[in-house]
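# Tertiary structure, described
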Amino acid sequence: MELKNINFKRKITTYISLFLTILLLSFFVMGWIFFSSHIIIRILLIFSLLFLLFCLSKFYVYKTYLNIKYNVIELTLINKLRFNKILKNDTNNSFIYRFYNKKDVNIKSSFEFVFDKYNILVKEFYVSLNKRINNKNISLSLKYIQIPYEFNDEFALILNYSSESEKYIEYYSYLFDKKKEINNKTNNKQYICLHKQNYDIRLLDLLDKLTMFHMLSVENNKINIIFVDDRSIFDFKLQKNIDSVTINNCHESYEKIVRIIKSFKKGSENNV
């Protein structure tokens, strides 16, 4: 989809949202005046207005916003990654909830890069740390990637330098019975490898594309990667025009994901 078409879709969404909001407020005002002597009906009108505004935001505005966001990501990255299209993904987040409490997780987007032979899943989410600094809630910005990968065994590779890594090590220590420390001399990093029988050391090349704490597991013929991203999750306002600045922000936000996928594709071509 071209940028002008994306902006047209954005404008239509904004206008429809504004029109419906004004319509709901108009009905509310008329009902408030008409039932001026009925306190119970007025209370029902308030709750009805709040409920309908919530539904408008959640089931129309936000859903349309996500579709537009995926259009922008597709426009921005399709030439870099050579995928066919992006699809919205509505699968549950059970893998993420292995490590993070559901009430602390805010999933911001979930989509798939569709290639000829496989799909690559991406989820972006915030995790609340239940801390406050300068009256602001502190949270982590994370990305989860799932890539198809055929391997006869299951294992996990976890960067061993952050307190956040401990939850991953603890989880896979119960799942896998073998543990090994791997020192990577090229980048001076240490990984904890937890496995059943075998593991593929070459997959460390994927993790070396990242800088902050991260983990990689191979389970059920899929690679699962979770990492902290020092950049904010890509976002924009529907009311503002999507321009070159928005596109550049999108490029920067998905820079690490692009590097991981390119590395995986290159490794696949070399039978990694």
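See above for the structure.
Structure report, in brief. What you are looking at is a predicted structure, and each value in this text was computed from that prediction instead of being measured.

Thresholds, definitions, all that
Residues numbered from 1 in each chain as written. Predicted model: local features only at pLDDT ≥ 70, side-chain atom pairs only at ≥ 80, totals over all residues. Heavy atoms only, no water. Core = buried A, V, L, I, M, F, W, Y, C linked by side-chain atoms within 4.5 Å. Buried < 20%, exposed > 50% of the residue type's maximum accessible area, 1.4 Å probe, protein only. Helix = DSSP H or I, 4+ residues; strand = E, 2+ residues; numbered from the N terminus. Contact = heavy atoms within 4.5 Å. Expected span 1.5 Å × (residues − 1). 1 Å grid on protein atoms, 1.4 Å probe; cavity = no way out; pocket = protein on both sides within 12 Å on 5 of 7 lines; lining within 4 Å. Points joined across faces, edges and corners; volume = space filled by probe spheres on them. Nonpolar A, V, L, I, M, F, W, Y, C, P; charged D, E, K, R; others polar. Bend = angle between axes of the 7 residues up to and from the residue.

### A short note on the nonpolar core
Ranked by size, the top nonpolar core spans 49 residues in total, and within it Ile73, Phe113, Leu157, Leu203, Leu216, Ile223 and Ile225 carry the most contacts. In terms of residues, this core owes the most to one element, helix 2 (residues 39-81), which gives 10 residues. Leaving out residues up to four positions away in the same chain, Phe113 has contacts with Ile73, Leu77, Leu81, Phe83, Lys85, Ile86, Tyr118, Asn119, Ile120, Val122, Ile257 and Ile261. Listed in part, the 23 residues of the second largest apolar core include Val127, Leu194, Met215 and Val228.

### Structural notes on helix 1 (residues 3-34)
The terminal C-alpha atoms of helix 1 lie 46 Å apart, and with 32 residues this matches the ideal 46 Å at 1.5 Å per residue to within 8%. Ile6, Asn7, Arg10, Thr13, Ser17, Phe28 and Gly31 are the residues of helix 1 that are buried. In this structure, the buried side of helix 1 is in contact with helix 2.

### Description of the layout of surface pockets
Its boundaries defined by the atoms lining it, the largest pocket holds a volume of some 410 Å³. Surrounding the largest pocket, 17 residues form its lining, Tyr62, Leu66, Lys88, Asp90 and Ile107 being those nearest its centre. Those elements giving two or more residues to the lining of the largest pocket turn out to be helix 2 and strand 2 (105-114). With seven residues, helix 2 is the single largest residue contributor to the lining of the largest pocket. In the lining of the largest pocket, the residues fall into five nonpolar, six polar and six charged.

### Here's the deal with unusual backbone geometry
The phi angle at Asn220 is positive, at roughly 50 degrees, despite the residue not being glycine. Mapped onto the secondary structure, Asn220 falls in the loop between strand 8 (214-219) and strand 9 (222-228). A positive phi angle is found at Asn221, which is not glycine, with a value near 60 degrees. In this structure, Asn221 sits in the loop between strand 8 and strand 9. Residue classification places Asn221 among the partly exposed residues on the basis of a relative accessible area of 42%.

### Digging into helix 2
With 43 residues, helix 2 should cover 63 Å at 1.5 Å per step; its first-to-last C-alpha distance of 60 Å lies within 8% of that length. In helix 2, a bend of some 35 degrees at Leu75 exceeds every other bend along the element. Looking one or two places after helix 2, you find Arg82, whose phi comes out positive at around 60 degrees.

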